[in-house]
Amino acid sequence: MKRFLPFLIIGAVALTAVGGAVTYYRAKRPAAVAVSAEAAKAVAGEPHTRGGAEAKVTLEEFGDFQCPPCGVLFETLEPLEKKYGQRLRVIFRQYPLASHTHAMEAALAAEAAGFQGRFWEMHDMLYRKRADWIGATEAGTIFHQYAATLGLNLEQFEKDAKGSAARTRIAADEKRAKDLSVALTPTVYWNNQAMPFEKLAPASLPKMIDEAMVDKAP
């Protein structure tokens, strides 16, 4: 037995080393990003929409949360959506521009909030508070605070914002933009017809929508 004792010791050391290496490898592997059930369901779902399916006017917007004209359009549409309710339908498509430092991060934050049923609340907050985050060094920290304000599960929010499901949603919107040859933000389609950019001005768009909402006698 004594003759084999050195070999047994060497074998034990080797097994310990191998076990340690396996443990180290597993520890070094990146953890899988958890995706909520809502996130998985939303990936192949419908675009972000508010307003009635039978609305007289449907506006499909390709927007960027950091885009100044998009902010103006939001301020123009907000009171009109409140005024007309289900009669005005707004579809928002993500189109974050590479030239805007925090545009993609903001888009991801909105999608992550959407996976918890709060897309539009985050959408509105990002536009209303643009001045607070567009020049920030750590915009993600601010978006985290917005998520807390909305009462989201913050751990899930962070996972979803960094996960593939949110990027898949954004990529789907970008593909539609490409198919329609969208080149700038905001680009808006009125009942599936492209609108000239000048028609989106605060002096023009409300008047157009007001006129369209009037029930004209045959």
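Before reading further, recall that the structure is shown in the block above.
Here is a short report on the structure shown in this document. (Residues numbered from 1 in each chain as written. Predicted model: local features only at pLDDT ≥ 70, side-chain atom pairs only at ≥ 80, totals over all residues. Heavy atoms only, no water.)

## Observations concerning the nonpolar core
A general feature of soluble globular proteins is that nonpolar side chains tend to end up buried together. Operational definition: Remark: nonpolar core denotes a set of buried residues (Ala, Val, Leu, Ile, Met, Phe, Trp, Tyr, Cys) joined through side-chain atoms within 4.5 Å. Burial classification: accessible surface area is computed with a 1.4 Å probe over protein chains only, and a residue below 20% of its type maximum counts as buried, one above 50% as exposed, and the rest as partly exposed. Any two residues having at least one pair of non-hydrogen atoms within 4.5 Å are treated as being in contact.
Counting residues in hydrophobic clusters, the biggest one holds 42 residues, and the most contacted among them are L59, L88, M122, L126 and I209. Once residues lying within four places of it in the same chain are set aside, the contact partners of L88 are R50, G51, G52, A55, V57, L59, L80, E81, I209 and M213. Counting six residues, the second-largest nonpolar core is a separate cluster that includes A107, F115, A165 and I170.

## Considerations on the sheet that holds strand β4 (residues 187-190)
As a reminder, the rule being used: Between any two strands, pairing holds if DSSP finds at least two bridges. Each helix is a run of DSSP H or I of at least 4 residues and each strand a run of E of at least 2, with the numbering of both proceeding from the N terminus.
Taken in spatial order, the five strands of this open sheet run β1-β3-β2-β4-β5, and their pairing is mixed. The two strands at the open ends of the sheet, each matched to only one other strand, are β1 (48-50) and β5 (193-194). Taken together, the three bridges between β1 and strand β3 (residues 88-94) define a ladder with antiparallel strand orientation. Opposite R50, over in β3, you have V90 as the bridge partner.

## Some thoughts on unusual backbone geometry
Note that the residue after T185, namely P186, is joined by a cis bond; omega there is -5°. With respect to the helices and strands, P186 occurs in the loop between α9 (164-179) and β4. Phi at N191 is positive, roughly 45°, even though this residue is not glycine. As for its position among the elements, N191 is in the loop between β4 and β5. Of the residues examined, N191 reaches a relative accessible area of 35% and is grouped as partly exposed. Even without being glycine, N192 reaches a positive phi, approximately 75°. Positionally, N192 belongs in the loop between β4 and β5. Owing to a relative accessible area of 62%, N192 belongs among the exposed residues under this scheme.

## Some remarks on the pairing of β4
Successive residues of a regular strand alternate their side chains across the two faces of the sheet. The alternating pattern of β4 places T187 and Y189 and V188 and W190 on opposite faces, both of which are buried. Taken together, the four bridges between strand β2 (residues 57-63) and β4 define a ladder with antiparallel strand orientation. Bridged to F62 within β4 is T187. Here β4 pairs with β5 via two bridges, running antiparallel. Its bridge partner being in β5, W190 is matched across the sheet by Q193. Connecting β4 to the antiparallel partner β5 that follows it, the hairpin turn spans two residues, and N191 within it adopts a positive phi of roughly 45°.

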